[in-house]
Amino acid sequence: MRMSRGQKAFNVFNIAFMVLLMIVTLYPFYYVICASFSSSTYLQVHRGFLITPVKATIGAYKKTFNHALILSGFANIFKIMIVALPINLLVTIVAAYFMSQRGMMFKGPIVFLMMFTMFFGGGLIPSYLNIKQLGLYNTLWALILPGCLSIYNAIIMKTAMEAVPESLSESAYIDGANDLVVLFRILVPLIIPTLAVILLYYGVGHWNSWFPATVYLEDNTKLPIQAVLRSIVIENEMLLGGATEVVEGEAYANDYTETIKYAVIVISTIPILCVYPFLQRFFVKGVMIGAVKG
């Protein structure tokens, strides 16, 4: 089929607009990467677009990875995710199954209390006292157990379970299956895309979390990576400019007050970007499953 002039003009405009949108979306991240490899002194006086690193250097990355807590920070976050993610999935699956089934005893009041926690919380001080009285203070469990269930994620999984034909569960019950068999042998295998999405949500949440660690952890060697990176930025900003020396007639700053912030952003973002492509094929289907009925 030959396209009319109007269709050709629309295609050209559409492609140009999408390319422009892609540039606008990707450039900030590209800028951060270039800035992280730039000299702090020259970056601060640079004006306009940043196409390549200014006076390229890896000093900001060296200073970040030479920090005493950087290795323990990565080790702690991996420990947290290895333990927390299975707990998150198990608790979310059970909660979603409870909310998706009809005729459950006390379902109304329990679901109301679960939904209530989405909008109201006890506050920081009661949470701190609760963690301390439970003996979780200054342990990694304080970062795992309190947030083991996200009601929002449970609602997504509940919608996915409700999209599974009810006749499958009824047939299993007739054959003598109980709720555990129906849940883990029938429903869970059919909602794998949603499980992958929920796994990504929880993983990103744990990876980006830093505030609970600053409240519940007293031992710095137990801090996760985001709390360590935050402390690196704060420590660097507290330095008053650092020393300045002259190299070949030009001023050169030994500090990385500006560039270390960009290096920290890159270090904290790259691992998640590496994981996302493996779950991308599940993402759209997992989010949209159960959204259209009929």
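Treat the numbers as computed from the prediction; the structure is a model and nothing was measured.

Time to look at the layout of surface pockets. Computed from the structure, the largest pocket encloses a volume of approximately 370 Å³. Broken down by secondary-structure element, the contributors of at least two residues to the lining of the largest pocket are α4 (70-100), α10 (192-208) and α11 (211-216). Here the lining of the largest pocket gets 5 residues from one element, more than from any other, and that element is α11. Classifying every residue of the lining of the largest pocket by side-chain character gives 16 nonpolar, 6 polar and no charged. Considered as a void within the structure, the second largest pocket measures approximately 300 Å³ in volume. Taken together, S100, Q101, R102, M161, E162, V164, P165, E166, S169, E170, Y173 and L187 make up the full set of residues lining the second largest pocket. Take the lining of the second largest pocket: its biggest share by element is 4 residues, from helix α8 (residues 166-174).

To continue, consider unusual backbone geometry. Although it is not a glycine, K55 sits at a positive phi angle of roughly 50 degrees. You can see K55 is positioned in the loop between α2 (40-45) and α3 (59-65). In the Ramachandran plot, F106 falls in the positive-phi region, its phi being about 60 degrees despite a non-glycine side chain. Mapped onto the elements of the fold, F106 is located in the loop between α4 and α5 (107-119). Residue classification places F106 among the exposed residues on the basis of a relative accessible area of 56%.

Within an α-helix, residues lying three or four positions from one another point in the same direction, as the helix has 3.6 residues per turn. Along its 12 residues, helix α9 (residues 179-190) runs 16 Å from first to last C-alpha, staying within 8% of the 16 Å computed at 1.5 Å per residue. Inspection of α9 places V182, L183, I186, L187 and V188 among the buried residues, and these make up the whole buried set. For α9, the secondary structure elements touched by its buried residues are α4, α7 (151-163), α8 and α10. The N-capping residue of α9, defined by a side-chain oxygen 3.2 Å from the backbone nitrogen of L180, is N178.

Rules and cut-offs
- In this numbering scheme, every chain counts its residues from 1 along its sequence in written order.
- Under the rules for a predicted model, residues below a pLDDT of 70 receive no local features and side-chain atom pairs below 80 are neither given nor counted, while totals for whole chains, interfaces and linings still include all residues.
- Only hydrogens and water are set aside when side-chain values are computed; all heavy atoms of the structure are taken into account.
- Only protein atoms enter the calculation, which uses a 1 Å grid: trapped sets of points that fit a 1.4 Å probe without letting it out are cavities, open sets showing protein on both sides within 12 Å along at least five of seven lines are pockets, and any residue with an atom within 4 Å of a point is a lining residue.
- Grid points are joined across faces, edges and corners, and a volume is the space filled by probe spheres set on the points.
- By definition, any uninterrupted DSSP run of H or I lasting at least four residues is a helix, any uninterrupted run of E lasting at least two residues is a strand, and each is numbered from the N terminus.
- In this classification, the charged set is Asp, Glu, Lys and Arg, the nonpolar set is Ala, Val, Leu, Ile, Met, Phe, Trp, Tyr, Cys and Pro, and all remaining amino acids, among them Gly, are polar.
- Burial here depends on accessible area, computed with a 1.4 Å probe over protein chains only, as a share of the maximum for the residue type. Under 20% is buried, over 50% is exposed, and the range in between is partly exposed.
- Given the number of residues in a helix, its expected span is that number minus one, multiplied by 1.5 Å.
- Residue contacts are defined here by distance: any two heavy atoms, one from each residue, within 4.5 Å place the two residues in contact.
- Polar contact is defined as a pair of N or O atoms within 3.5 Å, subject to the rule that within protein one atom must be able to donate a hydrogen and the other to accept it, and that residues adjacent in sequence are counted only when both atoms are side-chain atoms.

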